[in-house]
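# A structural walkthrough
Each chain, written out:
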Amino acid sequence: MIWVILALAGLWAGIQNAVAGGGSFITLPALIFTGLDARVANITSSVALTAGQVTTGWGGRKAVAGIPGVPVWAMLAIAISGGLVGAQLILLTPTKVFADMVPWLILVATALFAWGSFGPKPHEPRAPLPPLASGVGLFLSSVYGGYFGGGNGIILVAVLTAAGLAIRAASATKNVLAAIINIAALGLFVFSPEVAWLKALVLGAGSMLGGAIGNHVLSRINEQLLRIAIVLIGVTLSIMLFMR
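Okay, so let's go over this structure. (Residues numbered from 1 in each chain as written. Predicted model: local features only at pLDDT ≥ 70, side-chain atom pairs only at ≥ 80, totals over all residues. Heavy atoms only, no water.)

### Describing the nonpolar core
As a reminder, the rule being used: In this description, a nonpolar core means a group of buried Ala, Val, Leu, Ile, Met, Phe, Trp, Tyr and Cys residues linked to one another through side-chain atoms lying within 4.5 Å. For every residue, the accessible area obtained with a 1.4 Å probe (protein chains only) is divided by the maximum for its type, and the residue is called buried under 20%, exposed over 50%, and partly exposed between those limits. When checking whether two residues touch, look at their non-hydrogen atoms; a contact exists if any pair is within 4.5 Å.
By size, the foremost hydrophobic cluster in this structure holds 38 residues, and its most contacted members are Leu28, Phe98, Val102, Ile106, Phe148 and Phe189. For Phe98, the contacting residues outside a window of four places in its chain are Ala38, Arg39, Asn42, Ile90, Thr93, Leu105, Tyr147 and Phe148. Judged by nonpolar contacts, the second largest core, of 15 residues, contains Ala74, Ile78, Ala79 and Ile181.

### Describing the packing of helix α6 (residues 131-147) against helix α7 (residues 152-162)
Quick reminder of the rule: Comment: axis = line fitted to C-alpha atoms, over the contacting stretch for helices; angle = value between 0 and 180 degrees taken between N-to-C directions. Put simply, DSSP marks the helices as runs of H or I at least four residues long and the strands as runs of E at least two long, and each gets a number from the N terminus on. Angular relationships are summarised with four words: roughly parallel below 35 degrees, roughly antiparallel beyond 145, roughly perpendicular across 65 to 115, and oblique for the angles in between. Here the term charged refers only to Asp, Glu, Lys and Arg, the term nonpolar to Ala, Val, Leu, Ile, Met, Phe, Trp, Tyr, Cys and Pro, and the term polar to all other amino acids, Gly among them.
In the contact formed by α6 and α7, the axes pass within 10 Å of each other and the chain directions differ by 175°. For the element pair α6 / α7, the angle class is roughly antiparallel. For the pair formed by α6 and α7, the contact residues are Ser134, Gly137, Leu138, Ser141, Tyr144 and Gly145 on the first element and Asn152, Ile155, Leu156 and Val159 on the second. Of the residues assigned to the contact of α6 with α7, the class counts are five nonpolar, five polar and no charged.

### Re the side chain of Thr34
Heads up, the rule is: By the criterion applied in these results, polar contacts are pairs of N or O atoms within 3.5 Å in which, for protein atoms, one can donate a hydrogen and the other can accept it, and in which residues neighboring in sequence qualify only through two side-chain atoms.
Looking at the secondary structure, you find Thr34 in the loop between α2 (24-33) and α3 (38-59). Here the side chain of Thr34 touches Leu31 through a polar contact of 2.7 Å, landing on its backbone oxygen.

### Points about the packing of helix α4 (residues 72-92) against helix α8 (residues 167-189)
Heads up, the rule is: For a crossing to be left-handed, the near helix must be turned anticlockwise from the far one by less than a right angle; the clockwise case is right-handed.
Running from N to C, α4 and α8 cross one another at 45°; their axes reach a closest spacing of 8 Å. By the angle between their axes, α4 is oblique relative to α8. The hand of the α4/α8 crossing is right-handed. Each of Met75, Leu76, Ala79, Ile80, Gly83, Leu84, Ala87, Gln88, Ile90 and Leu91 in α4 lies in contact with α8, whose residues at this interface are Thr173, Val176, Leu177, Ile180, Ile181, Ala184, Ala185, Leu188 and Phe189. Broken down by class, the residue content of the contact of α4 with α8 amounts to 16 nonpolar, three polar and no charged.

### Overview of the side chain of Thr93
In this fold, Thr93 is placed in the loop between α4 and α5 (95-118). There is a polar contact of 2.7 Å between the side chain of Thr93 and the backbone oxygen of Leu89. Residues contacting Thr93, with those up to four places away along its chain left out, are Arg39, Phe98 and Tyr147.

### A closer look at a nonpolar patch on the surface
For clarity, the threshold we go by: Here the term patch refers to residues with relative accessible area over 30% and no salt bridge, with like charges joined within 9 Å and nonpolar side chains (Val, Leu, Ile, Met, Phe, Trp, Tyr) within 5 Å. Accessible surface area values rest on a Shrake-Rupley calculation with a 1.4 Å probe, where residue burial reflects the displayed protein chains alone. The term salt bridge refers to a pairing of a side-chain nitrogen on Lys or Arg with a carboxyl oxygen on Asp or Glu at a separation within 4 Å.
On the surface, Ile2, Trp3, Leu198 and Leu201 cluster together into a nonpolar patch covering about 390 Å² of accessible area. Those elements that provide at least two residues to the nonpolar patch are α1 (2-19) and α9 (197-216). Within the element layout of this structure, Ile2 appears in helix α1.

### What to know about the layout of surface pockets
The test is simple: Every definition here rests on a 1 Å grid over the protein atoms only: cavities are sets of points where a 1.4 Å probe fits but cannot get out, pockets are open sets enclosed by protein on both sides within 12 Å along at least five of seven lines, and lining residues have some atom within 4 Å of a point. Grid points are joined across faces, edges and corners, and a volume is the space filled by probe spheres set on the points.
Here the second largest pocket defines a volume of roughly 350 Å³. In terms of lining, the second largest pocket is formed by 17 residues, of which the most central are Pro29, Ala30, Phe33, Leu237 and Met240. Residue assignment for the lining of the second largest pocket shows that the elements contributing at least two residues are α1, α2 and α10 (223-243). Broken down by element, the lining of the second largest pocket gets its largest block of residues, seven residues, from α2. For the lining of the second largest pocket, the per-class residue count stands at 15 nonpolar, one polar and one charged.

### Looking at the environment of Pro68
Assignment of secondary structure puts Pro68 in the loop between α3 and α4. Sequence separation between Pro68 and Ala163 is 95 residues; the distance between their C-alpha atoms is 7.0 Å. Excluding residues that lie within four positions of it along the chain, Pro68 makes contacts with Pro131 and Ala163.

### Focus on α7
The set of residues buried in α7 consists of Asn152, Leu156, Val157, Val159, Leu160 and Thr161. Those residues of α7 hidden inside the fold are in contact with α4, α6 and α8. Taken from the residues just after α7, Gly164 is the one with a positive phi, measuring 120°.

Function cannot be read off these values alone, since they describe shape.
The following block contains the structure:
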């Protein structure tokens, strides 16, 4: 039964990520429901969703652009280092501490997703951030992505647009950076006993199939209603975890 739940959760998350994002709001509680503690569930969810992120990033790689004063190769290096730091931090975080943090992390991620979905859309700033500030913002976002990752796409887009990228280039660059962050974190997770590999494989297979379905039916799904549903799921999940 748990394998069916995980396969369906992965399928839903893949469709959701292809259309609007926020797939970890589905995979994390599904893994917790199957008996994993919050920290192992988060790490396993990150591993499972990496393949889908890599596919998305690869598809839009031609639109990737560097930010003023920070070329693409430097941005990738920052993403790798931040992802490694975040992954190491979560491996060092005691299970009880992370379990207490999860409701807050999901609440913050939900707020970020809601702001990115329904808040004012970012525009190119008249005075872009200086290169040092852009690099620091990208590094901190990469650390967050390696540690938890929920809503990190919104943070990355905010940093990239503030640094001077147009929204279309920022979105494509964000997808590549998110994939690189997850790959870097995966580089540490593969040597850790904190990954439930069979569950990650089932989730990952479901999410890849869901991503293919999501791309195929993208124009037929009401994205606005899906985004509202994602926010409601995030809020409900936060409340349930606070009450535990």
